[in-house]
Amino acid sequence: MDPFDAGAGSLLRQPKAVWATAGASVVAFMGIGLVDPILPSIAQGLHATASQVSLLFTSYFLITAVAMLLTGFVSSRIGGRKTLLLGLAFVVVFAGLAGTSGTVGQLVGFRAGWGLGNALFVSTALAVIVGAAAGGSAAAILLYESALGLGMACGPLLGAVLGNVSWRYPFFGTATLMAIGFLCITAFLKEQPKPARRTSVLDPLKALGHGGLASAAVSAFFYNYTFFTVLAFTPFVLDMTPYRSGAVFFAWGVLLAVFSVIVAPRMQARFGSLKVLGGSLVLLAADVLVLGYGDHTTAVVCTILSGAFIGVNNTVYTELALGVSDAPRPVASAGYNFVRWFAAAAAPYFAPKIEEWTDLHVPFVVAAVTAVLGALVVVVRRKALTHEAEELAPGHATEDGVGVFADRPAASPTDRIAN
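This one's a predicted model, so the numbers in the text were calculated from it and none came from an experiment.

What counts and what doesn't
Residues numbered from 1 in each chain as written. Predicted model: local features only at pLDDT ≥ 70, side-chain atom pairs only at ≥ 80, totals over all residues. Heavy atoms only, no water. Phe/Tyr/Trp six-rings, centres within 6.5 Å; stacked < 30°, edge-to-face > 60°. Helix = DSSP H or I, 4+ residues; strand = E, 2+ residues; numbered from the N terminus. Buried < 20%, exposed > 50% of the residue type's maximum accessible area, 1.4 Å probe, protein only. Lys NZ or Arg CZ within 6 Å of the ring centre and 35° of its normal. Polar contact = N/O pair within 3.5 Å; in protein donor to acceptor, adjacent residues only side chain to side chain. Contact = heavy atoms within 4.5 Å.

Colleague: Outline the packing of aromatic side chains, supporting the account with residue identities and numerical values.
Modeller: The full count for this structure, using the stated rule, is 18 aromatic pairs. Between Phe233 and Phe364, the aromatic rings sit 5.6 Å apart at their centres with planes inclined by 45°, giving tilted as the arrangement. Here Phe233 is found in helix H11 (residues 211-238), whereas its partner Phe364 is found in helix H16 (residues 362-380), with 131 residues between them in sequence. Summarising the burial analysis for this pair, Phe233 and Phe364 share the class buried. One residue, Arg111, lies across the ring of Trp114, its end atom 4.7 Å from the ring centre.

Structure follows, in structure tokens:
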């Protein structure tokens, strides 16, 4: 069954609540890559170094990682709708404040608050969309993934267009769009039933006691270091105008979306999840190594090309993480994300520091090594991952993003997205 056939008849005929949540999801995912084209402009405007400005990613993802232990705790007590609105409110406030920053320290702090809001929102959005969507979970998941891809592609573009006027405008623009999303969800989304069992803060940590989930999380930790070296450090290497940098990362986001939604499921069906994941990680390692040592044109091409490998990796990792453990999927997802987002926080900080200590090439060497380490974990721990990888229907498990992995309900054979 083709993934697009699963929801083709109902994908566009969704309730207003679904469109409101999906639209807000697009903006939430845009926030991840929004600052990419304007990092050099922010550094210039606030008289900051590359390593200081890169803390925008570090604070954002560090808070996101810790918040993974809280999202299930919160949503299982106040419900999905209130959790979405709470997350959106945080983003509106802190994105707006970020645009008023007078120092890089203030901007980093406001991005941390933004990360908390984004974690609350995107970790809940897919479950809400699935619960409210028409046409089964297949159509809902496809819609959510489309929102993810559109957001990841358009974030750098919006950052470039607004940032060409002032580095402050992308933050104000995000706050405005999320405020509209807040009003739409308030108007169109009704509260859904709360889970029968409340989630404890410690449940995600307990879930990591499962060998397969722990293996997927450790491998993803190494992979995410590579991913966010590309996302947070490469703009300084390319040293382009906001428009040009935005165009590069727009093309990167398009490849990420296409390979995540269309290509990865077909590759899984043909070669198997673990072979696809291991091969894609090795190719990503080679890509970032060439990126670090090539000329400017080569660096641009390799940056765009990395989106293809990242898209494949995102899909396969999520399939493994959400299926390998016997823990409830929200709990397994939270534990998995708690581990892997620490690498997303570490890479933006260490990459420019490593450049300061050595030279421009070494951060990409480190990123290539971490991608290979991720592949080695898959190979060494394949027995812990193989059973579930074989049982999984190759299809669309979803990343919130570059960003937070959201849970999806258990799907029957007829409504799981399979190729």
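Read on, since the account is not over.
Colleague: Go over unusual backbone geometry, please, and point to the residues and values.
Modeller: Even without being glycine, His47 reaches a positive phi, approximately 55°. You can call His47 exposed: its relative accessible area is 74%. If you check the backbone angles, Asp239 has positive phi at about 50° while not being a glycine. By the secondary structure assignment, Asp239 is in the loop between H11 and helix H12 (242-271). Exposure remark for Asp239: the relative accessible area of 59% places this residue in the exposed category.

Colleague: I'd love a proper account of the side chain of Thr124, names of residues and values included.
Modeller: Positionally, Thr124 belongs in helix H7 (residues 104-132). Within the structure, the side chain of Thr124 is placed 2.9 Å from the backbone oxygen of Leu120, a separation counted as a polar contact. Excluding its chain neighbours within four sequence positions, the residues that come into contact with Thr124 are Ser75, Gly80, Thr83 and Leu84.

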